[in-house]
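# Summary of structural features
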Amino acid sequence: MTVPATTAAPPARRSTRPNQYFRNMSAKIASIPMILTAVVIFAGGTLWTVLYSFTNSRLLPRMSFVGLDQYERLWAAPRWTVSIVNLGIYGIFSLIFSLVIGFLLAALMDQKIRFENTFRTIFLYPFALSFIVTGLVWQWILNPEFGIQSVIRSLGWSSFRFDPLYDPALVMYGILIAALWQGTGLVMCLMLAGLRGIDGEIWKASRIDGIPAWKTYLFIVIPMMRPVFITTLVIIASGIVKVYDLVVAQTSGGPGIASEVPAKYVYDYMFQAQNLGQGFAASTMMLLAVAIIIIPWAYLEFGGRKRG
Amino acid sequence: MMTRFRAAILAAGVVLPLGAAHATDLEVTHWWTSGGEAAAVAELAKAFDATGNKWVDGAIAGSGGTARPIMISRITGGDPMGATQFNHGRQAEELVQAGLMRDLTDVATAEKWKEVIRPASLLDACTIDGKIYCAPVNIHSWQWLWLSNAAFKTAGVEVPKTWDEYVAAAPALEKAGIVPLALGGQAWQSAGLFDVLLISLGGKDLYLKVYKDKDGETATGPEIAKIFKAADDARKMAKGSNVQDWNQATNLVITGKAGGQVMGDWAQGEFQLADQKAGTDYSCLPGLGMNGFLATAGDAFYFPLLKDEDKSKAQEALAKSLLDPATQVAFNLKKGSLPVRGDVDLNAANDCMKKGLDILAKGDVVQGTDELLSADIQKQKEDLFSEFFASTTMTVEDAQKRWAGIIASAE
């Protein structure tokens, strides 16, 4: 979201022409609503939230500043620490696995196989489901009473145990399974589009040079697919930070607080605990974390290049 | 987006003059959506429609935790409903202080609420700065232990009469492959269980000392340590009840897969639906069979301040009809809760409900936690106890220290 803002500044070298700002008026007028929305709702709302995170607002916002109290309480709360660790686990694994699995599926799909359309539809289908439905489905599949565990047990392995959602040490991986099932199809499609964009001549050339296919993928095709990877990365990363509904549907944070995530902390404290200040402090921390990752990256990615 | 859409609908409603002049539509929001609850609400609607107005039902599914944020954002966002349910206590406190709620003192004086509502603490919870802001409709209490007679028969032990006997019977139940204590995974259930242990094992004074006076010394003291010890027993007994919702946990007791459950009197509705009979199929122990105190909690209706005069009049009519003796009986029999009026006849009540009425008549009641503690403190307690009851490594001492810290931060 900060990306357009950093790149939108018009180059200064053309300033000799007086009508610079009035060129393309209709396009500029047409984008006024979006600009207003971005400035007032996103930027304004963000500033307002950060400001009120320094107050002791309860159910209703009120301007009585308490300094960093909300943040001190936040970082002292075990549930918040657990949430951060969980988001870390979920984020790292979900990033790695959805990229690797997504790319592998796309590469396999790209071998000119028969029924490609059918397979593509099957793999993409879970993405059509909301996280709530996905969460409920996997809650049942992973439930020891009537899911995988009971099926395997009824086949004769009576000591078989597979109940990740009821084991605090494994619960995040249970959620990860559902997230990957839902999300890899989209990653696969993006990757496939990227692979199709690679010129066939490259493949011919590498074949003539006798380079094995895996090396071609790793050292030629993937570097050429950089823009696709970046798009995918942004989509996956924003999905990771805001993960909420999947957890609510699958475990509602349990067992105990073992699968809590930051977004859920924000919601619970803003609305259930009627403590806006605490919720705002938590959401400000989330924003800060995203900013720390995004800003240097956006700078490296877009800052060096001149747009013409 | 949604609010804009709603505002558009609202604007459309203002522009188009609505039909008949007398019958005023009043939207009432609540979170009573299960079978028995819906039937009970229908009684309230019937009584209100009989006054010549129209009840527009605004049920919000997904229990109070989901419904309350929606209600609050509608009131604070300038799109108030005609009336809304909250639990007795501090949930709507700030809305009242912000002047968003309507003062019902005239109606209350005219209808003599002060004299008929029992226990008086219910009305106190509605009173802020000497003015009455809500109409209580029922009493729910948490302090019940529901036991499956069949489960104890399978295990070959007597159905316990007290919490201590119950704990002692746990190994026998486990040996028979029965989970001794059913406990759902939702956080409020764990926190509720602890509060029940606190008042039932520790007594009224201890309960009030920590939750009302917020006494730090008591909170870290040996008396509370005993309660945490009992919570530790409960934690071990609850191992293996892999369910989320409270009614799924109740179902474990109904089917004899679990020995018992500590849950409020709303659980009784589930036993009734399953055609179980109090005394023969299941047993109930108010106050866990130890200290027979009930903490009164329950539901009340609040009325947002409206500009429309017709609607304000309809609000008065609704407040009156909610506390009408006939409505009270019809509603509470379906809901399984106790009426707020002491002067109504409840012959149709079953054994367990009668036990509750006796305790109420004796006056052995205390304020519920919703009245004593703010939503913020309640939430932190929930976080702590859901962690405690799911954990195998968290020590009793550690839990007590954190609990005392939460109590100390309460205002």
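The model shown is predicted, which means the values in this text are computed figures rather than measured ones. (Residues numbered from 1 in each chain as written. Chains lettered and ligands numbered in written order. Predicted model: local features only at pLDDT ≥ 70, side-chain atom pairs only at ≥ 80, totals over all residues.)

### Quick notes on the overall build of chain B
A count of helical and extended segments in chain B gives 20 helices and 14 strands. For 411 residues, the compact-globule formula gives about 22 Å, and the C-alpha radius of gyration of chain B, at 22 Å, lands near that figure. With respect to the three principal axes, the spread of C-alpha positions in chain B is 70 × 45 × 45 Å. Evaluated residue by residue, chain B yields a buried proportion of 49% over its 411 residues. Considering only contacts in chain B between residues 6 or more positions apart, those separated by 24 or more positions represent 77%. (Helix = DSSP H or I, 4+ residues; strand = E, 2+ residues; numbered from the N terminus. Rg over C-alpha atoms; globule rule 2.2 N^0.38 Å. Buried ≥ 20, exposed ≤ 12 C-beta atoms within 10 Å, placed from the backbone. Contact = placed C-beta atoms within 7 Å.)

### With respect to the overall build of chain A
Regarding its fold elements, chain A presents 15 helices and zero strands. For the C-alpha atoms alone, the extent of chain A along its principal axes is close to 80 × 65 × 30 Å. Within chain A, buried positions represent 29% of all 308 residues. Considering only residue pairs separated by 6 or more positions, chain A has 69% of its internal contacts joining residues 24 or more positions apart.

### Regarding the domain arrangement of chain B
Residues and elements named next belong to chain B. For chain B, the assigned domains read domain 1 (26-140 + 297-361) and domain 2 (142-295 + 367-408). Here the C-alpha centre of domain 2 lies 28 Å away from the C-alpha centre of domain 1. Across the boundary between the two partners, domain 1 contributes 20 residues, which contact 20 residues of domain 2. Put simply, the parts of the chain that give the side of domain 1 that touches domain 2 at least two residues each are α2 (35-49), α7 (121-126) and α17 (351-362). Of the residues forming the side of domain 1 that touches domain 2, the biggest block, six residues, is contributed by α17. Among the residues forming the side of domain 1 that touches domain 2, the class breakdown is five nonpolar, 12 polar and three charged. (Domains from an automatic or database assignment. Nonpolar A, V, L, I, M, F, W, Y, C, P; charged D, E, K, R; others polar.)

### Structural notes on helix α20 (residues 396-408) of chain B
All names here are of chain B. For α20, spanning 13 residues, the distance from its first C-alpha to its last is 18 Å, which sits close to the expected 18 Å at 1.5 Å a residue. Within α20 the residues assigned to the buried category are A399, Q400, W403, A404 and I407. Here the buried residues of α20 occupy an arc of 135° about the axis, which is enough to place them on one side. In α20, the exposed positions angled more than 90 degrees off the buried face are occupied by K401 and A408. Taken together, the buried residues of α20 touch α10 (187-211), α11 (216-220), α12 (222-237) and α19 (375-390). (Expected span 1.5 Å × (residues − 1). Arc of directions from axis to C-beta.)

### Looking at unusual backbone geometry
For N24 of chain A, which is not a glycine, the phi torsion comes out positive at approximately 60°. Tracing the backbone through its elements, the reader meets N24 of chain A in the loop between α1 (3-7) and α2 (25-30). The backbone of D275 of chain B sits at a positive phi, close to 60°, despite the residue not being glycine. Among the structural elements, D275 of chain B can be located in the loop between α14 (267-273) and β11 (282-286).

### Describing the sheet that holds strand β9 (residues 179-182) of chain B
All names here are of chain B. Overall, mixed pairing links the four strands, which are arranged β9-β10-β8-β11 in an open sheet. Both edges of this open sheet fall to β9 and β11, since each of them pairs with a single strand only. For this sheet the average axis-to-axis angle between neighbouring strands, irrespective of direction, equals 20°. Here strand β8 (residues 144-148) runs beside strand β10 (residues 258-262); their pairing, made up of three bridges, is antiparallel. When the sheet's bridge partners are listed, L145 is paired in β10 with V262. (Pairing = 2+ DSSP bridges. Axes fitted to C-alpha atoms, helices over the stretch in contact; angles between N-to-C directions.)

### Quick look at the sheet that holds strand β12 (residues 294-297) of chain B
One open sheet holds the three strands; their spatial order is β7-β12-β14 (chain B), and the pairing between them is mixed. Because the sheet does not close on itself, it has two edges, and the strands there are β7 (140-141) and β14 (365-367) of chain B.

### A closer look at the nonpolar core
Residue and element names in this part refer to chain B. By size, the foremost hydrophobic cluster in this structure holds 124 residues, and its most contacted members are W146 and L197. For this core, the leading source of residues is α10, giving 13 residues. Residues from two domains meet in this core; each of domain 1 (26-140 + 297-361) and domain 2 (142-295 + 367-408) gives at least three. Counting residues in each nonpolar core, the second largest holds 48 residues, with L44, I75, V96 and L123 among its members. (Core = buried A, V, L, I, M, F, W, Y, C linked by C-beta atoms within 7 Å.)

### Quick look at the interface of chain A and chain B
A common measure of how large an interface is: the accessible area buried when the components associate. Across the contact, 22 residues belong to chain A and 20 residues belong to chain B. Of all elements in the fold, only α5 (78-109) and α14 (262-272) of chain A reach the threshold of two or more residues within the side of chain A that touches chain B. Here the side of chain A that touches chain B gets four residues from one element, more than from any other, and that element is α14 of chain A. Looking at the side of chain A that touches chain B, its residues break down into 12 nonpolar, six polar and four charged.

### So, the pairing of strand β3 (residues 83-87) of chain B
Across a regular strand the side chains alternate sides, sitting on one face of the sheet and then on the other. Residues and elements named next belong to chain B. Counted residue by residue, β3 has four buried out of five residues, so it is predominantly covered. Relative to β3, strand β1 (residues 25-30) runs parallel, the two sharing two bridges. Within β3, the position partnered with T29 by the bridge is T84.

### Observations regarding the confidence of the model for chain A
All names here are of chain A. Across chain A, the average pLDDT comes to 87, with 92% of residues at 70 or higher. For chain A, α1 is the element with the lowest average pLDDT, namely 45, and α5 is the one with the highest, namely 94. Long-range and interchain partners of residues 1-9, a stretch whose pLDDT sits below 50, account for 10 contacts in this model, where long-range means more than four residues apart. (pLDDT = per-residue confidence, 0-100.)

### Describing the environment of M224 of chain A
All names here are of chain A. Residue placement: M224 occurs in helix α11 (residues 213-224). Residue classification places M224 among the partly exposed residues on the basis of 14 C-beta atoms within 10 Å. Through-space distance from the C-alpha of M224 to that of D110 is 16 Å; in sequence the pair is 114 residues apart.

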